[in-house]
Amino acid sequence: MTPDDIARAMTGAIVSASSERQEAFLPSPMIQNHASFLHLLDDGALVCAWFGGTLEGKSDISIFASVLLPGLSNWGEAQRLSHDPDHSEQNPVLFTAPDGTLWLFHTAQPSGNQDECRIRMAKIVRDISAPEKLSSEEGHFLDLPRGCFVRAPLSIRDDGAWLLPIFRCVQRPGQKWNGSHDTAALGVSEDGGKTWRLEDLADSIGCVHMSPVASTTSSYSAFFRRRQADFVYRTRSSDGGRNWSAPQPTDVPNNNSSIAAIRLKDGRLAMICNPTSAAQSSDRRASLYDELGEDDKRPDADPTGGCVPVWGVPRAPVSVCLSEDDGLSFPTRILIEDGPGTCLSNDSTDGRNKEMSYPWLLEAPDGTLHLSYTYYRRAIKYVRLAPGWADKTDGRK
């Protein structure tokens, strides 16, 4: 599809692609749309949040959301949920607290400097008379160090503490951030989000986008995107998320792009990702933000003591990978969509970018699987698979 084709398709209308699959391109007034996150509300409404603007890292990047009401076949209009004119606002995460309050967490950074990022937490208000309408309060920044980034959902520990997966974009004095020293951490709040402390995960250099999945009330598996673009990595906690094992590689390739994982009702783990790696492609780019045109004379971060990050590996296909051994292996891989995945440019207007990336997934109570992912950096694509999808979907690899 050309950028114009995609723009014409961004109506939010859900159409049938097969008897088991329905699809839509979410509406958005922005020319770049990326990093979607799906969240199911108690009344069955589905919310999709993402960031949109002209180019990732620009200060016109803001958080948007759209609501799909139960029984309807069209996503509602896109609504802006953040309004910081001086920062690029990225990576929305939605969380319904135990008291029913809907919260938005997202990042805010100056230009391409992820090591100067802060995390903002804002209350989302839903219009009772028009439930498809959302608005956000101004919110506040979490009391955590700069350079903390989010992507994965919160969970509640067995003692009621909130656990927020974080990756730390570590500052290197006098050097530009490039991901070389990023590590994993958890933000922990024991007072309902009022105050936070940071708990670092040992031996996690290069492991980001931590995606925890509960095994029992006291144990977790968690999965990571890797800056080295080699494999998805996995860690375990047997004490409710207080301590974690050193991350180890799984059998799923990773391209230094986002992943998401959930536990299905049948007990299996499902992970959505681009199962490809640097070993499978020679495509490379200098950095994530090499198109911003910044007059920044600082050298890229020296990888000494960290890792050599790999950028530019194609971001396709989109696949759902299934595990029956709590994430030790993912032998079943169901193809959702394939394409060139070219991501040597972040531009959304000229057709160079063909990535299908940053996928998200959740399972509804009736077994329906809801998916979303970036489509060519121009749109957010939504896919709905009917109950029983794992046994009916073609395209296993």
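Please refer to the structure higher up on the page.
Notes on the structure follow. As the structure is a computational prediction, the values presented were derived from the model and not from experiment. (Residues numbered from 1 in each chain as written. Predicted model: local features only at pLDDT ≥ 70, side-chain atom pairs only at ≥ 80, totals over all residues. Heavy atoms only, no water.)

## Let's talk about the overall build of the protein
Formally: Only DSSP runs of H or I covering at least 4 residues are called helices, and only runs of E covering at least 2 are called strands; the numbering of each starts at the N terminus. Using C-alpha atoms as the atom set, the radius of gyration is obtained and then compared with a globule rule of 2.2 Å times the number of residues to the power 0.38. Here the term buried applies to any residue with accessible area under 20% of the maximum for its type, exposed to any over 50%, and partly exposed to those in between, with areas from a 1.4 Å probe on protein chains only. Here a residue-residue contact requires only that any non-hydrogen atoms of the pair lie within 4.5 Å. In short, Shrake-Rupley with a 1.4 Å probe defines the accessible areas, and a residue's cover is counted only from the protein chains shown. Here Asp and Glu are counted as negative and Lys and Arg as positive; His is not counted, and neither are the chain ends. Charge positions come from single atoms, namely NZ of Lys, CZ of Arg, CG of Asp or CD of Glu.
Tallying secondary structure elements over the protein gives two helices and 27 strands in all. Against the compact-globule benchmark of 21 Å for 397 residues, the protein has a radius of gyration of 19 Å, which places it among compact chains. Taking all 397 residues of the protein together, 60% fall into the buried category. The contacts in the protein between residues at least 6 apart in sequence include a share of 56% that link residues at least 24 apart. Counting only carbon and sulfur atoms, one obtains 50% of the accessible surface of the protein, whose full area is about 14900 Å². Counting 41 positive and 52 negative side-chain charges, the protein places the centres of these two groups 2 Å from one another.

## So, the sheet that holds strand β4 (residues 46-53)
Put simply, the rule reads: A pair of strands is treated as paired once DSSP finds two or more bridges between them.
A sheet is described by the order of its strands in space; here four strands give the open sequence β3-β4-β5-β6, paired in antiparallel fashion. The open sheet has two edge strands with one neighbour each: β3 (32-40) and β6 (79-80). Bridging between β4 and strand β5 (residues 62-68) involves seven bridges; their strand directions are antiparallel. Of the residues in β5, the one forming a bridge with G52 is S62.

## Looking at the pairing of β4
By the criterion of burial, β4 is predominantly enclosed, with eight of the eight residues buried. Burial along β4 is two-sided: L46, C48, W50 and G52 and V47, A49, F51 and G53, pointing in opposite directions, are all buried. Of the pairings in the sheet, the one linking β3 to β4 comprises seven bridges and is antiparallel in character. Within β4, the residue paired with H39 across the bridge is V47. Between β3 and β4, which pair antiparallel in sequence order, lie five residues; one of them, G44, sits at a positive phi of approximately 95°.

## Overview of the side chain of D182
Here is the rule: Definition of a polar contact: a pair of N or O atoms within 3.5 Å, with one able to donate and the other able to accept a hydrogen when the atoms are protein atoms, and with sequence-neighbouring residues admitted only if both atoms are side-chain atoms.
Mapped onto the fold, D182 is located in the loop between β14 (162-168) and β15 (183-189). At a separation of 3.0 Å, a polar atom in the side chain of D182 contacts the side chain of W177. For D182, the contacting residues outside a window of four places in its chain are R168, C169, V170, W177, S204, I205, G206, C207, V208 and R227.

## Focus on the nonpolar core
Note that soluble globular proteins tend to have their nonpolar side chains buried in a common cluster. Under the convention used in this document: Definition used in this section: a nonpolar core is a set of buried Ala, Val, Leu, Ile, Met, Phe, Trp, Tyr and Cys residues joined via side-chain atoms within 4.5 Å.
Counting residues in each nonpolar core, the largest one holds 78 residues, and the members touching the most others are W75 and F105. The greatest single-element share of this core, amounting to six residues, is contributed by β4. Excluding its chain neighbours within four sequence positions, the residues that come into contact with F105 are N91, P92, V93, F95, I119, R120, M121, L142, L154, L164 and W196. Among the nonpolar cores identified, the runner-up in size contains 13 residues, and L163, V188, M210 and W244 belong to it.

## Here we look at the pattern of salt bridges
Going by this rule: Just to be clear on terms, a salt bridge is a Lys or Arg side-chain nitrogen sitting within 4 Å of an Asp or Glu carboxyl oxygen.
By the definition in use, this model includes 30 salt bridges. Its salt-bridge partner being D43, residue R126 comes within 2.9 Å of it at the nearest N-O pair. One end of the pair, R126, is in strand β9 (residues 118-126); the other, D43, is in the loop between β3 and β4, and 83 residues separate them in sequence. Between E355 and R315 there is a salt bridge, and its shortest N-O distance comes to 3.2 Å. Of this pair, E355 sits in the loop between β24 (332-337) and β25 (356-363) while R315 sits in the loop between β22 (269-273) and β23 (318-323); the two residues are 40 residues apart in sequence, bridging distant segments of the chain. For E355, a relative accessible area of 0% translates into the label buried. Three or more residues joined by partner-sharing salt bridges are found here, namely R157, D158, D159, E190, R197, E199 and R242.

## Quick notes on the sheet that holds strand β1 (residues 15-18)
Put simply, the rule reads: Angles shown run from 0 to 180 degrees and are taken between the N-to-C directions of axes, each axis being a line fitted to C-alpha atoms and, for helices, limited to the stretch in contact.
As summarised here, the arrangement of the five strands in space is β1-β2-β27-β26-β25, forming an open sheet in which the pairing is antiparallel. Edge positions in the sheet fall to β1 and β25, since each of these pairs with one other strand and no more. Within the sheet, the average angular offset between the axes of one strand and its neighbour, ignoring direction, is 25°.

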